[in-house]
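Observations on chain architecture
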Amino acid sequence: MKKTTKMAAVLAAMSVMVIGAVSTTMAANEGWNGNDDDGWTYVQDGVKVKGWQQINGVWYYFDKSGNMAQDELVTISGQTYYLSQSGAMATGWQRFESDHDIYNELEDDFPNNHDDDTTVIDDFYLYDDEIWLYFDEHGVAAEDKWVKSDAGLWYYFENLVMARSDYSYDIEGNYYGLDENGAMMVGWVRDNEDSRNDRPTGGDDTKAWYYYQSNGKQVVVDGGEKGKWKKIDGTWYYFVAENSNGKKNAILTSTYAKIDKDYFYLNDDGKMATGVTKVAKDTVITGASEVTTKEKVGDAIDVYFAGNGKVESGIKGDSYYISKAIDTNTQHFEKKGTIVSGKTFVGDVKGQLAKNCFVKDGDNLYYIDKYGEMIKNESLEIEFDKTEETYKIVFGSNGKAITGKDAGDKVKAGKTYTVDDAVETEILGVKINVFK
């Protein structure tokens, strides 16, 4: 019995020694354990930690087996985090190239640039090399939301990836411009140019201008409409659903256009013209078949536009603006020579300044000289093509041709004229007196 008791005591002592040895070993492995190839764990109070752990001021995440998450995305309670290569929770901007596992993991969820025609750069290369994600100060990834950078620029993340390079990116039914770096556009932006400008500046390479309001929303033409007017910084512009180059929601430029029932001129800068305006050479003419057969303006011409931008015709001040390209209320005549019956002044568009012609306005006849101004207190010497006789027509101080006088009457218009006693004639259906 004593021998057996002694043996039991020895075994008990050995058992205590083994347990002590194990405890000592476990204590020696407190803290970090592992390597970069096999992964890392962290032991605290003899136990592998799990979940979120702040170690030396840095946050890490360990799975249910105690393995540290490393260079991967993890979703916890519906929120996504990125644990970097070192295992530290990432914040701020994170870039992933096309050979990274996270790039491939998210590839099916890349932002949807909705129309190839609106991309800033070639659609094929939009996300070809890299993607960007953003994580806030708590490590939570931006998802389907706007983020404002320290520089004050706004970026949008669809799913988890920053969207970029689109002039008309659809977000909940509103369109925004995102440049090639993803920054939200504001103000005037020119299509297919690397640089931005304060406002449209004209030229053949600037025919697609978009405008983004201060909240980033693009000015767009409502569905089913051909276009819409928008006043920006005191100037009116006309936005079209699609321009001649296939660009959508761009302003109309370099065009004499029929809009609704009236005619307007949008110059090289897209600005609506008012007053007497020089319409540039080669300006495109659209929707104006009822007033002209031309598709473009020839040489530059002066055209009259009212304060509301609508083209107007008729007598304006001391000038006359035609009602259509071939205005039957005009009679071509170059101040001296033979007047040819039926030859009208021929212009390009409605509202163009008439020159070198007689003009009928009601029951009155005027003459517009080569500068586009009516003559006053002056006479014209005319040879009629039918009679081959030469006479003078006298215009008074109001620019009207003298009519209703009897033979022999004296008329003073700059100097004194005597009404011819043998001839009465008419031009454009207006009976006038002629003078010898």
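Above: the structure in question.
Residues numbered from 1 in each chain as written. Predicted model: local features only at pLDDT ≥ 70, side-chain atom pairs only at ≥ 80, totals over all residues. Heavy atoms only, no water.

1. Quick notes on the overall build of the protein chain
Assigned secondary structure in the protein chain consists of two helices and 35 strands. Taking all 436 residues of the protein chain together, 44% fall into the buried category. Looking at the protein chain alone, contacts between residues at least 24 apart form 49% of all its contacts between residues at least 6 apart. Counting every atom, the protein chain has about 23700 Å² of accessible surface; 44% of that belongs to carbon and sulfur. (Helix = DSSP H or I, 4+ residues; strand = E, 2+ residues; numbered from the N terminus. Buried < 20%, exposed > 50% of the residue type's maximum accessible area, 1.4 Å probe, protein only. Contact = heavy atoms within 4.5 Å. Areas by Shrake-Rupley, 256 points an atom, 1.4 Å probe, with all protein chains shown as cover.)

2. A look at the pattern of salt bridges
For the structure on display, the rule yields nine salt bridges. The residue Asp 302 makes a salt bridge to Lys 278 at a minimum N-O spacing of 3.3 Å. Note that Asp 302 is positioned in strand E24 (residues 301-305) and Lys 278 in strand E22 (residues 275-279), a separation of 24 residues in sequence. Because the salt bridges share partners, they merge into one network encompassing Arg 95, Glu 97 and Glu 130. (Salt bridge = Lys/Arg side-chain N within 4 Å of Asp/Glu carboxyl O.)

3. A few points about the environment of Gly 46
With respect to the helices, strands and loops of the structure, Gly 46 is situated in the loop between strand E2 (39-44) and strand E3 (47-48). For the pair Gly 46 and Glu 30, spaced 16 residues apart in the sequence, the C-alpha separation amounts to 6.4 Å.

4. Overview of a negative patch on the surface
A cluster of acidic side chains, namely Glu 107, Asp 108, Asp 109, Glu 143, Asp 144 and Glu 172, defines a negative patch on the protein surface. Structurally, Glu 172 is set in the loop between strand E13 (166-171) and strand E14 (174-178). For Glu 172, a relative accessible area of 79% gives the class exposed. (Patch = residues over 30% accessible without salt bridge, like charges linked within 9 Å, V, L, I, M, F, W, Y side chains within 5 Å. Lys, Arg positive; Asp, Glu negative; His and termini not counted. Charge placed at Lys NZ, Arg CZ, Asp CG, Glu CD.)

5. Things to note about the sheet that holds strand E11 (residues 154-158)
Judged by pairing direction, the sheet is antiparallel, and its three strands sit side by side in the order E10-E11-E12 without closing on themselves. Two strands close off the open sheet at either side, each with one partner strand: strand E10 (145-148) and strand E12 (161-162). Sheet topology note: the E10/E11 ladder contains four bridges and is antiparallel. Within the sheet, the bridge partner assigned to Trp 146 lies in E11 and is Tyr 156. (Pairing = 2+ DSSP bridges.)

6. Details of the environment of Phe 305
Within the secondary structure, Phe 305 sits in strand E24. Note: C-alpha distance between Phe 305 and Gly 351 (46 residues apart in sequence) is 7.4 Å.

7. Description of the side chain of Ser 168
The topology assignment puts Ser 168 in strand E13. According to the relative accessible area criterion, Ser 168 is buried, its value standing at 8%. At 2.7 Å, the side chain of Ser 168 and the side chain of Gln 218 are in polar contact. (Polar contact = N/O pair within 3.5 Å; in protein donor to acceptor, adjacent residues only side chain to side chain.)

8. Topic: the nonpolar core
Leu 73, Tyr 82, Leu 106, Phe 110, Ile 131 and Leu 133 are the most contacted members of the largest nonpolar core, which has 23 residues in total. When near neighbours in sequence (up to four residues on either side) are disregarded, Phe 110 contacts Tyr 103, Tyr 127, Ile 131 and Val 161. (Core = buried A, V, L, I, M, F, W, Y, C linked by side-chain atoms within 4.5 Å.)

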